[in-house]
Amino acid sequence: MNKDKKSIGVFDSGFGGINVLRGIVREMPEYDFVYLGDTARAPYGARSQDVIYEFSKQATDFLFRNDCELVVFACNTASSEALRKIQQEYLPELYPKKKVLGVLIPGAEEAVERSKNGKIGVIATEGTVKSGAFIREIKKIFPQAEIYQNACPLLVPLIEEGEHDSPAADFLLKKYLDPLIEEGIDTLILGCTHYGILEDKIRGLVGDEIEIISSEKVVPKKLIDYLSRDGEIDSRLSRNGVTEFYTTDLTEKFESLGSGFFGSKIKANKIFLD
Ligand code: DGL
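In short, a report on the structure. Note that the structure is a prediction, hence the values are computed from the model and not measured.

Turning to empty space enclosed by the protein, a few remarks are in order. Counted under the stated rule, the structure contains one cavity of 30 Å³ or more. Taken as a whole, the largest cavity spans an internal volume of roughly 60 Å³. Looking at the lining of the largest cavity, the elements that each hand over two or more residues are helix H5 (104-114), strand E7 (187-191), strand E8 (211-214) and helix H11 (215-229).

Let us now look at the packing of aromatic side chains. Two measures describe an aromatic ring pair: the distance that separates the ring centres and the angle between the ring planes. The final tally for this structure, using the stated rule, is ten aromatic pairs. Pairing tyrosine 44 with phenylalanine 55 gives two aromatic rings, centres 5.7 Å apart and planes at 50 degrees, and the pair type is tilted. Placement of tyrosine 44 in the loop between strand E2 (33-37) and helix H2 (49-65) and of phenylalanine 55 in helix H2 is noted, with a sequence separation of eleven residues between them. As far as the burial class goes, tyrosine 44 and phenylalanine 55 line up, both buried. Ring geometry for phenylalanine 62 versus tyrosine 246: centroids 5.3 Å apart, planes at 65 degrees, classification edge-to-face. In this pair, phenylalanine 62 is assigned in helix H2 and tyrosine 246 in strand E9 (residues 243-247), connecting sequence segments 184 residues apart. Owing to a relative accessible area of 8%, phenylalanine 62 belongs among the buried residues under this scheme. Owing to a relative accessible area of 14%, tyrosine 246 belongs among the buried residues under this scheme. Taken together, the ring pairs connect Phe11, Tyr44, Phe55 and Phe73 into an aromatic cluster. It is arginine 41 that lies over the ring of phenylalanine 55; its NZ or CZ is 3.7 Å from the centre. Lying over the aromatic face of tyrosine 53, lysine 85 brings its terminal NZ or CZ to 4.3 Å of the ring centre.

About the thresholds
Residues numbered from 1 in each chain as written. Predicted model: local features only at pLDDT ≥ 70, side-chain atom pairs only at ≥ 80, totals over all residues. Heavy atoms only, no water. 1 Å grid on protein atoms, 1.4 Å probe; cavity = no way out; pocket = protein on both sides within 12 Å on 5 of 7 lines; lining within 4 Å. Points joined across faces, edges and corners; volume = space filled by probe spheres on them. Helix = DSSP H or I, 4+ residues; strand = E, 2+ residues; numbered from the N terminus. Phe/Tyr/Trp six-rings, centres within 6.5 Å; stacked < 30°, edge-to-face > 60°. Buried < 20%, exposed > 50% of the residue type's maximum accessible area, 1.4 Å probe, protein only. Lys NZ or Arg CZ within 6 Å of the ring centre and 35° of its normal.

Below you can see the structure in the form of structure tokens.
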């Protein structure tokens, strides 16, 4: 442990969150970051709420014990199924001075801001869709919103197999997006860490009239805003421009796909979570 290092933790079920981290580092290169991907137990998308909570709690604990003052859940599934309970029950008891933020509220706020007709589409994992968390967060800001969701269980495995640029990706995206387009949505939330990599293809399918909300663009903006409002936590964060990567299963794929997501070569350390 380095006493002078007080980082921002970024947690995801696997390596998709590296996409979100990339967006954050691009906007805040002077800060220090610790990324944790729970690849040994990913995907979280179809797991039960209890298990996602347990895993997310362990990840949060690891990051706090490794000099993080603030943790961002880049994972939409963990943000949907575990974040509230961690903020309300776990943090006050064990880490009252630390903070955990998610990706749902930034996405929901941005979607409401950009939508003109109030019809918002969400594509995400089964867990995120079933939790209804996006509906809850959007309705809190804009109760009249009409929200249309579609779970896309085949997209994460497809991307993890490196097939994001294949005809299979075109076929699946069309199948998942057509029902939302037919409802007349004018804004689409990419409610999963991995989908940012498909943004160009999604743009090709939905056309220019639909706003696309992706975490790697929205979360950095909202994080900067959050830190400017909470000067106390911002003052505790160190600024050496260092990013470290941890994973629960170190495979060649983590480093190769992760480097692709991050935009430069990454080296990860293996850890065990319990
Ligand atoms: N990180 C997850 C999310 O954003 C996708 C991968 C998974 O299912 O674990 O929902």
